[in-house]
Every structure is written in C-alpha cells, then in structure tokens.
Amino acid sequence: MRRVMIILCLSLALSGCVKALPFKLDLPLPLRKPVTGRVAVQEGAVTLRAPDGFCVDPGSTRDGPEGAFVLWGSCAAIGGDARAPKPAQKALLSATIGPESPDPVETAFDSYERFFKTRAGRAALARSGKAQDVEILAVKREEQRLLLKISDHSAPTTAPVDPVYWREITGVRGHVSALSVLPLAGSGLPDETQLDLLSAFDETIREAN
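None of these values were measured; they are calculated from a predicted model.

Trainee: Any details on unusual backbone geometry? Residues and values, ideally.
Mentor: Even without being a glycine, E43 presents a positive backbone phi close to 55 degrees. With respect to the helices, strands and loops of the structure, E43 is situated in the loop between strand 1 (38–41) and strand 2 (46–49). Residues other than glycine seldom take positive phi values, yet R173 does so here, at roughly 50 degrees. On the secondary structure map, R173 appears in the loop between strand 9 (164–172) and strand 10 (175–183).

Next comes the structure, spelled out in structure tokens:
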C-alpha cells in the first residue's frame, strides 16, 4: 500500500501545473495551430478526450516517465477563433495520469480517502504544498470513482479559477488518475453541474480507451 500512496503522490504533484495558466479564457488568442479535444500520453498507452467544446491547451501539457498532465479550455479560446466550439460550462478540465498501479485503483479507495484526510494527503492536494491551505469539503464514492470536493486556498490570484472544485480519483488503463473540473472564477458553477461535467469527462475518456 505504501507503493500505491507514492504513486498517488507523484500523480498529484503533476496537477500543480494548473497554477500557471498560460492564457486568459475570456480573450481570443492568435491562432497557434488546429485545436483538438483528444491527446495520447504515456507513449500512446492512454488516450484522453474531453467533452465537446473543450480543447487541449498544448502549452500546459506535460508527459514523461513520472506521469502526464493535460489541461483543457474552451476551443474558441485555445485556438483564438471565436467561431470554434465553446463548452456550455464556464470551467477548465484537467487530467493527471500517474504510473501504473500494482492493483486495481478502486480496491484502494479506502486507503486513498484516509490518506487525503491526513496532513500529508492535504499537502499533496495543495498547489502550495501546504496542508493548511486545503480542506476536504465532501467525499462521494462510486464503484469506479472516488469523488472529492476540495477547497484550495493556495490557488494563485492570477489563475482564473475558483478555489473550490471537484476532483475524481480513478483508474485509466491501470494508471492511477485524477480528473478535475475547475470552475472559472466567479462562474458560480453549482455542484450538480460540476459533477455532471465530471461524469461526462470520465465517460469520454473511458470510451477513448
């Protein structure tokens, strides 16, 4: 189980990439290249795809031996084309793919939940790395998913996202993975909408794999 916790911590460490968002979502950017909602990571072992209207931000993508991190925003904002699709929800999506787990991820949900409630677990979730900056507001569990409502007070003021968001811990092709819905600052996106979007995100990824 210690190995599983190490894998999980490595995965969560990558998710800090979102603290340096490279674009403003309310302003179109100059067109960099064609946009897509799909990307393959971990040497093609895992395919990630977001719901319609969300496209990969290539500047935020990280992929290496320790795992992968991918951020999605509005296709219109990412591509700098106001005619491109836009999601109905004012949010970013992120996926963090860790190394392969030695056991099915869902068999460790009890351990994950206990871990996240510890000081070390909250520090792993915090963008600042400081446990006091994170509070676990709610936990939901399903057969294949552990859902966490998180308040991260260390979220930098320069990032256009609210400090409170939902994150899912799950397995994707044997890899410990974290999927997140990150509401844009001031969007007032209710929990039900966030959870529906997170479920749709989970479904598109499972269909792609």
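Trainee: Would you mind going over the packing of aromatic side chains in detail, with residue names and values included?
Mentor: Each aromatic ring pair is specified by the distance between its two centres and by the angle formed by the two planes. Evaluation of the coordinates by the stated rule reveals three aromatic pairs. Ring centres of F109 and Y112 lie 6.4 Å apart, and the angle between their planes is 50 degrees; this geometry places the pair in the tilted category. Here F109 pairs with Y112, and both are found in helix 3 (residues 109–116), just three residues apart, close to one helical turn. No difference in accessibility class separates F109 from Y112, as the two residues are buried. Judged by centre distance (5.8 Å) and plane angle (50 degrees), the rings of F115 and F116 are tilted.

Trainee: Any details on the side chain of K149? Residues and values, ideally.
Mentor: In this structure, K149 sits in strand 8 (residues 146–152). In this structure, K149 is in contact with E135, I136, L137, A138, V164, Y165, W166 and D191, ignoring residues within four places of it in sequence.

Trainee: Can you tell me about helix 3, naming the residues and giving the values?
Mentor: Of all eight residues in helix 3, six are buried; the element is thus mostly enclosed. Where helix 3 is concerned, the buried positions are F109, S111, Y112, E113, F115 and F116.

Trainee: Got a sec to walk through the state of the cysteines? Specific residues and values, please.
Mentor: Considering all chains together, one arrives at one disulfide under this definition. Disulfide pairing places C55 opposite C75 at an S-S distance of 2.1 Å. With the S-S dihedral at roughly 85 degrees, the linkage between C55 and C75 falls on the right-handed side. Note that C55 is positioned in strand 3 (residues 54–56) and C75 in helix 2 (residues 75–79), a separation of 20 residues in sequence. Like C55, the residue C75 is buried in the burial classification.

Conventions we followed
- Residues numbered from 1 in each chain as written.
- Predicted model: local features only at pLDDT ≥ 70, side-chain atom pairs only at ≥ 80, totals over all residues.
- Heavy atoms only, no water.
- Helix = DSSP H or I, 4+ residues; strand = E, 2+ residues; numbered from the N terminus.
- Phe/Tyr/Trp six-rings, centres within 6.5 Å; stacked < 30°, edge-to-face > 60°.
- Buried < 20%, exposed > 50% of the residue type's maximum accessible area, 1.4 Å probe, protein only.
- Contact = heavy atoms within 4.5 Å.
- Disulfide = S-S within 2.5 Å.

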